Amino acid sequence: MNVVFAVKQYVSKMIEDSGPGMKVLLMDKETTSIVSMVYTQSEILQKEVYLFERLDSLNRETMKHLKAICFLRPTKENVEYLIQELRRPKYSIYYIYFSNVISKSDVKSLAEADEQEVVAEVQEFYGDYIAVNPHVFSLNLLGCCQGRSWDLAQLSRTAQGLTALLLSLKKCPMIRYQLSSEPAKRLAECVKQVITKEYELFDFRRTEVPPLLLILDRSDDAITPLLNQWTYQAMVHELLGINNNRIDLSRVPGISKDLREVVLSAENDEFYANNMYLNFAEIGSNIKNLMEDFQRRKPKEQQKLESIADMKAFVENYPQFKKMSGTVSKHVTVVGELSRLASERNLLEVSEVEQELACQNDHSSAHQNVRRLLQNPKVTEFDATRLVMLYALHYERHSSNSLPGLMMDLKNKGVSEKYRKLVSAVVEYGGKRVRGSDLFSPKDAVAITKQFLKGLKGVENVYTQHQPFLHETLDQLIKGKLKDGQYPYLGPSTLRDRPQDIIVFIIGGATYEEALTVYNLNRTTPGVRIVLGGTTIHNTKSFLEEISASGFRGRGAESAHVTARASSRR
């Protein structure tokens, strides 16, 4: 169950099937992203693909010596563009691949337009999603719901992406969904409809234990996307933003021209592949080791590497080192920038309090710590708001809830109304009333004992003690203990055995912290393979955009105290 491999195979097969000779790859906006996630341009060039073009670009030249490989989503616009293309073909022969199921009527329209008989074949290759890591995929959709209901265009795109994923992994699953979420039920039904309608496509060899698709809703855990991160991939996304493996470094002080945008891809970058799930401290020392290894080969220019600044200076003074190892200069720049932002924004202290808000149940300590940080001038308005959001979610119904006071502290700090309004919007989106599960207080004896022992032992790393709620859900699922009442099966049949192949999909977006959870579960649970997908992959900034785009605007900041209804202490 490797999604990067699945998409890569499709692209390789398209190129191979067109035979020898010079080729052009014709794509649309979405398939361009899909292909760029699994192949670099130089890798594709080696396969005699010398030109990359967008189907919707109007000023393409006629080049009859090239074969065209078209990889397109089966949308109305693309079919229309193809019809125009085939009426006046610019290339000698066309191999057309759609990333999902194409209707018979569309194929007929294409056949009618192909008067010059330039089309060699039309096929469906189900690479209709963004392969992020081998076990993680995304659909790059933001604002998939309006309130608690699907935006219909987004529902259709999500169902297509999810069924394409199943087809590319050759899985015909049983489906479970989160009962407390109407969108999860709708999506489960849509996927089931496609499987029923296209039953011939889903006729795979039966396995002893059928695969399982579990559909969840982001609003059940609004805590995870609000936390600062300290493992490499998650931290880069949180502080710099990863967009289709690309990181924009143009705002970094004194950045050189060739590092304004860098690509971080585990497929083509060994250092990243080995370090993406490690803690920030380990990455710093790994970069240092890499450089010291290079210095050992250069005994004359012995330099001491004590700080990130030393390392940057070292890289800049070695043009040949830079050439030999673009990878290292890239990672030194990225880690240097993460380090600068962490100290400038006081993130170690902020993160410690975030973790306390997410994992502990001591209200007065949490309240004091949040207030203390709100007075600190180094804490940005973004981080200040995030702390108040975490407080509002955790202590929403606590008898001593002090949200109105914290909202005043935000106002006094000069935090803009846009951010202050988002506090009540987050509670409206993922508060107690909405959640189908208990995010904060473990109910059963085993969980309480675990928490007690954790408290006794202390935590190995205070900044990474939080486990996403997904960890508990998957743990229960693997043990066969996930309650049918909360996560019913769609249809009459249920799974008697423990599941082995699990595809879990989060409406409203997954996070890299959850990707790390799934990576660790895959590593430590023999016989179980899990793939995680989401409508998108969030950091805090995009998560708050998702909430706004879904129509949760929040009330005027001053009336936010209405949420502070006292109830018995929990």
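Summary of the structure given here. What you see is a predicted model; the values in this text were computed from it and never measured.

Examining the packing of helix 4 (residues 76-87) against helix 5 (residues 104-113)
Stage number 1. Running from amino to carboxyl end, helix 4 crosses helix 5 at an angle of 20 degrees, the nearest separation of the two axes being 8 Å. Comparing their axes, helix 5 and helix 4 come out roughly parallel. For the element pair helix 4 and helix 5, the recorded crossing hand is right-handed. The segment helix 4 lies against helix 5, with Val79, Leu82, Ile83, Leu86 and Arg87 engaging Asp106, Ser109, Leu110 and Ala113.
Stage number 2. Its residues assigned to classes, the contact of helix 4 with helix 5 shows 6 nonpolar, 1 polar and 2 charged.

Concerning helix 6 (residues 152-168)
Stage number 1. Over its 17 residues, helix 6 extends 24 Å from the first C-alpha to the last, a length consistent with the 24 Å expected when each residue adds 1.5 Å.
Stage number 2. The residue sitting at the N-terminus of helix 6 and contributing the capping side-chain oxygen is Asp151; that oxygen lies 3.0 Å from the backbone nitrogen of Ala153.
Stage number 3. Note on helix 6: the residue one or two positions beyond its end, Lys170, has a positive phi of about 55 degrees.

Topic: the pattern of salt bridges
Opposite charge on two side chains permits pairing when their charged atoms draw close.
Stage number 1. What the rule picks out here adds up to 27 salt bridges.
Stage number 2. A salt bridge links Lys13 to Asp17; the shortest N-O distance between them is 3.2 Å. Here Lys13 and its partner Asp17 are both found in helix 1 (residues 3-17), 4 residues apart, which amounts to about one turn of the helix.
Stage number 3. Notably, a salt bridge pairs Asp56 with Arg54, separated by 3.1 Å at the nearest N-O pair.
Stage number 4. The network of salt bridges with common partners includes Glu238, Arg345, Glu354, Asp383 and Arg386.

Considerations on the pairing of strand 6 (residues 130-133)
Stage number 1. Bridge count between strand 6 and strand 7 (residues 136-138): 3 bridges; the pairing is antiparallel. By the bridge assignment, Ala131 is partnered in strand 7 with Phe137.
Stage number 2. Once strand 6 ends, the chain turns through 2 residues before running back antiparallel as strand 7.

About the criteria used
Residues numbered from 1 in each chain as written. Predicted model: local features only at pLDDT ≥ 70, side-chain atom pairs only at ≥ 80, totals over all residues. Heavy atoms only, no water. Axes fitted to C-alpha atoms, helices over the stretch in contact; angles between N-to-C directions. Helix = DSSP H or I, 4+ residues; strand = E, 2+ residues; numbered from the N terminus. Parallel < 35°, antiparallel > 145°, perpendicular 65-115°, else oblique. Left-handed = near helix turned anticlockwise from the far one by under 90°. Contact = heavy atoms within 4.5 Å. Nonpolar A, V, L, I, M, F, W, Y, C, P; charged D, E, K, R; others polar. Expected span 1.5 Å × (residues − 1). Polar contact = N/O pair within 3.5 Å; in protein donor to acceptor, adjacent residues only side chain to side chain. Salt bridge = Lys/Arg side-chain N within 4 Å of Asp/Glu carboxyl O. Pairing = 2+ DSSP bridges.

Structural measurements only, silent on function.
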